[in-house]
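Close look at the chain arrangement
This is what each chain is made of:
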Amino acid sequence: MNILVWHVHGSWLTSFVQGPYTFLVPVTPDRGPDGLGRARTWQWPATVRELSPAELREADIDLMVLQRPHELDLALRWTGRRPGTDVPAVYVEHNSPHESPVGTRHPLADRSDVPVVHVTHFNRLMWDNGRAPTEVIEHGIIDPGPLWTGEETRAAVVVNEPVRRGRTTGTDLLPRFARSAPLDVFGMRTEGLADRLGLPADRCRSRDLPQGELHPAMARCRLYLHPVRWTSLGLSLLEAMFLGMPVVALDTTEVREAVPEGAGVVSNRLDVLEEAVRGFLADRDRARRTGEAARAAARSRYGERRFRDDWERLIKEVTR
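Residues numbered from 1 in each chain as written. Predicted model: local features only at pLDDT ≥ 70, side-chain atom pairs only at ≥ 80, totals over all residues. Heavy atoms only, no water.

According to the stated counting rule, one finds 31 salt bridges in the structure shown. Of the charged contacts, one joins Asp 309 and Arg 305 as a salt bridge, the two residues approaching to 2.7 Å between their closest N and O atoms. Of this pair, Asp 309 and Arg 305 both sit in helix H13 (residues 304-319), separated by four residues, roughly a single helical turn. Take Asp 309: its relative accessible area is 39%, and that puts it in the partly exposed class. In this structure, a network of salt bridges that share partners links the residues Glu 152, Arg 154, Asp 184, Arg 205, Arg 207 and Arg 220. (Salt bridge = Lys/Arg side-chain N within 4 Å of Asp/Glu carboxyl O. Helix = DSSP H or I, 4+ residues; strand = E, 2+ residues; numbered from the N terminus. Buried < 20%, exposed > 50% of the residue type's maximum accessible area, 1.4 Å probe, protein only.)

Okay, here's the thing in structure tokens:
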């Protein structure tokens, strides 16, 4: 079976392409957002093939996996086939509705031929899905192993473009948390963040690392801090749990479901979260025990095998 899928979210796609199919990933000469091709910083199997738009027009395609609204038109232009009409298709919704959780219709709400696959139950609840059939397939993480050492008395934060995304990702909260722990902020376009927030460089270190170096560097930090107000459930949170890191997180979106009692501290009270940060920094044994519980919880719910089984079931239903 040949599955057309765009390289949009590298971490999610890394788990998705482990399935028993051939994955056709569009590539353009500039390797822009619509033609990134194969990942350069993740390990993908040989079953992932790069195809140009011209090659896609001649390719056999059994399923289209869409992730952005404009891919409906892009798929038609590049393949000559209509998603959901000429070729079975599903739409993976990675995000929570940005404008309003009560008044935002999904881009596919008026269609019944393309199922919308949400990555969290929270997302499905908050979007107005209209007539679209919906499924929830929760994230699946390729286990990086229990890498946590907690040797550095710092809090790890993972966010791409923290300045642009601002309050959405809780960037405005970082100065307050930096009073309780020095921060290592990992992600793309984090350079100069300390200056933008008015923090000393040692209290807010920017760490834009290759994917292969990210997990070991995170795992050296004592805890993982998740100050995100409003996005879908971040893969970085789940990856931190797989690493064996204790979690301190805002009680927003799907976090409460992902971080059970004993795996970290989840609250919307900033004083409670600050106390938790200071507590994990002061007590390494408590941090280790909490991180072990976080890892066990994440492996139980967000394992790669369950993710692949869920997708194989849905793919068979959609393409039969």
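Before going further, it helps to examine the nonpolar core. With 79 residues, the main nonpolar core has Trp 12 and Trp 311 as its most contacted residues. The biggest single contributor to this core is helix H9 (residues 235-243), with seven residues. Among all residues touching Trp 311, those that are not within four sequence positions of it are Trp 12, Phe 16, Val 90, Val 92, Val 117 and Ile 137. In this structure, Leu 51, Ala 59, Ala 75 and Ala 89 belong to the second largest nonpolar core, which totals 20 residues. (Core = buried A, V, L, I, M, F, W, Y, C linked by side-chain atoms within 4.5 Å. Contact = heavy atoms within 4.5 Å.)

This brings us to the environment of Leu 193. As for its placement among the helices and strands, Leu 193 is situated in helix H7 (residues 193-197). Residues Leu 193 and Arg 205 lie 12 residues apart in sequence; the distance between their C-alpha atoms is 8.0 Å. In contact with Leu 193, other than residues within four places in its own chain, are Pro 162, Val 163, Thr 171, Leu 174, Val 185, Cys 204 and Ser 206.

Taken by themselves, the reported measurements are silent on function.
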